[in-house]
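Structural overview
If you want the building blocks of each chain, they are given just below.
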Amino acid sequence: MARRSRPPSGRRTEPIQWAQVVPGYASTILKFSLLAMLLAIGYLLYGIFGGYLSQPASERVVANIRLMGQVLIISGSLSALCLIIITFAEIVFAVAAGIVGLAMLWGTPFLIANNLRDPTSEVAGEIHLWATATGKAIIFIVSLRLLYEIYLQLTRGSERRRRIQKEEVETAAPQAKKTETIWPWTPCWQMPFCHTAIRDLCPAYKAHRTCWRYGSGCNCDPNLVEAVVRSGAGAGGARDAGTRRVQEAYIRSDLEADTVRPQQKRTIPCSKCAIYNEHQRAKYRVINPIAIISTIVALIVLYPPLMTLYRGFVAASATLASRLTFSNEIDPRTWFEYLDTPTIRVFFVIILGLLILSYVLRAVEWAILVKKI
């Protein structure tokens, strides 16, 4: 008896939406990783304040501290990564995670210096090793997020900018004329969405001044709109009556962005005008690279003063730890020496530069594309 093949099922497997699946998994992982991170921190704090830094510790205690340190660096890295994935649209959460990493870098030497009595304590060495390594790992993950934020700013802009541009395109004229590259000094009558049908009647065009400086233009002057409609209706013969009616309807719907009320000078403000928004985007394309280059040059010029401030801050932290410690046998400066190495200094400048550059780009975008300065 011949086997009868089953007909293929009509059901189709939908593709996995990773943008929705990954945050869900990240949220679950974050709950467990945060719990593990808090337990590890609590255990290490118990090792610091429980007197194990002032007495010889057994191999079992050292092994437990090492194990909890490994749990801390894994759970801390996962927590920072999952938090960034869940709150990817808001960079402020990444900055908050970076602050936690900095707290581990600077807080661990303080805690050890104030509670250490035995300079050869293995427990202190293990706690210092894993706690500071966790801080470095968290800051490294945050730096990758900042670097990607800068990449998004340069290529696509922020989420708010993309939403604003989408709304502007949807509310703009149905057809925009193709022009050459638009610059901030390009006159309004050479930009897209400028209506050539009424350009000759536009007072800004006659005065050879851009409409946003002149105070009136084809998209905001109700009298100009009515004049164009009347001039279009009075020209031509009866054969073009249907065409004129279509043109009149198109001009009215295209230019009257809002209902004209009595004693109203404009139908729309410049911030809602497609022509002016195109001018602002051209300004942003020019100012954005200038802001990037200026920030990088400023960081290079200010590198020596920044290093002086950084060394002073590390020295001040060591001095403060020396003042707060109760023992004269321990020199707290030895626990802060790792912060004043060339690698950590360069790492600090890179993180600071990425953070400053990210917020500079956001400030330029807010000023030009949101506030329309």
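Look up: the structure comes first, before these words.
Residues numbered from 1 in each chain as written. Predicted model: local features only at pLDDT ≥ 70, side-chain atom pairs only at ≥ 80, totals over all residues. Heavy atoms only, no water.

1. Comments concerning the packing of helix α10 (residues 274-301) against helix α12 (residues 342-370)
When two helices pack together, you describe them by how their axes are tilted relative to each other and by the distance separating the axes. Axis separation between α10 and α12 bottoms out at 10 Å; the angle between their running directions is 155 degrees. Classified by the interaxial angle, the pair formed by α10 and α12 is roughly antiparallel. Seen from above, α10 lies across α12 with right-handed handedness. Within the contact between the two elements, α10 uses Q280, R281, K283, Y284, I287, N288, A291, I292, T295 and L299 and α12 uses G353, I356, L357, V360, L361, V364, E365, I368 and L369. (Axes fitted to C-alpha atoms, helices over the stretch in contact; angles between N-to-C directions. Helix = DSSP H or I, 4+ residues; strand = E, 2+ residues; numbered from the N terminus. Parallel < 35°, antiparallel > 145°, perpendicular 65-115°, else oblique. Left-handed = near helix turned anticlockwise from the far one by under 90°. Contact = heavy atoms within 4.5 Å.)

2. Structural notes on the packing of aromatic side chains
Tallied over the full model, the rule gives six aromatic pairs. Ring centres of Y148 and Y151 lie 5.8 Å apart, and the angle between their planes is 35 degrees; on these two criteria the pair is classed as tilted. Here Y148 pairs with Y151, and both are found in helix α4 (residues 122-155), just three residues apart, close to one helical turn. In this structure Y148 comes out as partly exposed when scored by relative accessible area, which is 34%. Residue Y151 is classed as partly exposed on the basis of its relative accessible area, which comes to 48%. Between W212 and Y276, the aromatic rings sit 5.6 Å apart at their centres with planes inclined by 65 degrees, giving edge-to-face as the arrangement. Of the two residues, W212 is situated in helix α7 (residues 211-214) and Y276 in helix α10; the sequence distance between them amounts to 64 residues. (Phe/Tyr/Trp six-rings, centres within 6.5 Å; stacked < 30°, edge-to-face > 60°. Buried < 20%, exposed > 50% of the residue type's maximum accessible area, 1.4 Å probe, protein only.)

3. Quick look at unusual backbone geometry
Although it is not a glycine, H208 adopts a positive phi angle of roughly 55 degrees. Following the sequence through the fold, H208 ends up in the loop between α6 (203-206) and α7. Residue class for H208 comes out exposed when judged on its relative accessible area of 59%. Of note, K372 is a non-glycine position whose phi angle comes to about 60 degrees, a positive value. Counting through the fold element by element, K372 comes out in the segment after α12.

4. Thoughts on the nonpolar core
Grouped together as the largest cluster of nonpolar side chains are 30 residues, with contacts concentrated most on L53, V123, I127, I138 and V142. At the level of elements, α1 (18-49), α2 (59-86), α3 (91-115), α4 and α12 are the ones that each hand at least two residues to this core. For this core, the leading source of residues is α4, giving eight residues. The residues touching I127, leaving out its near neighbours within four places in the chain, are L44, G47, I48, L53, I65, T108 and I112. C188, F193, C211 and A274 belong to the second largest nonpolar core, which has 19 residues in total. (Core = buried A, V, L, I, M, F, W, Y, C linked by side-chain atoms within 4.5 Å.)

By themselves, these are just geometric observations and shouldn't be taken as functional.
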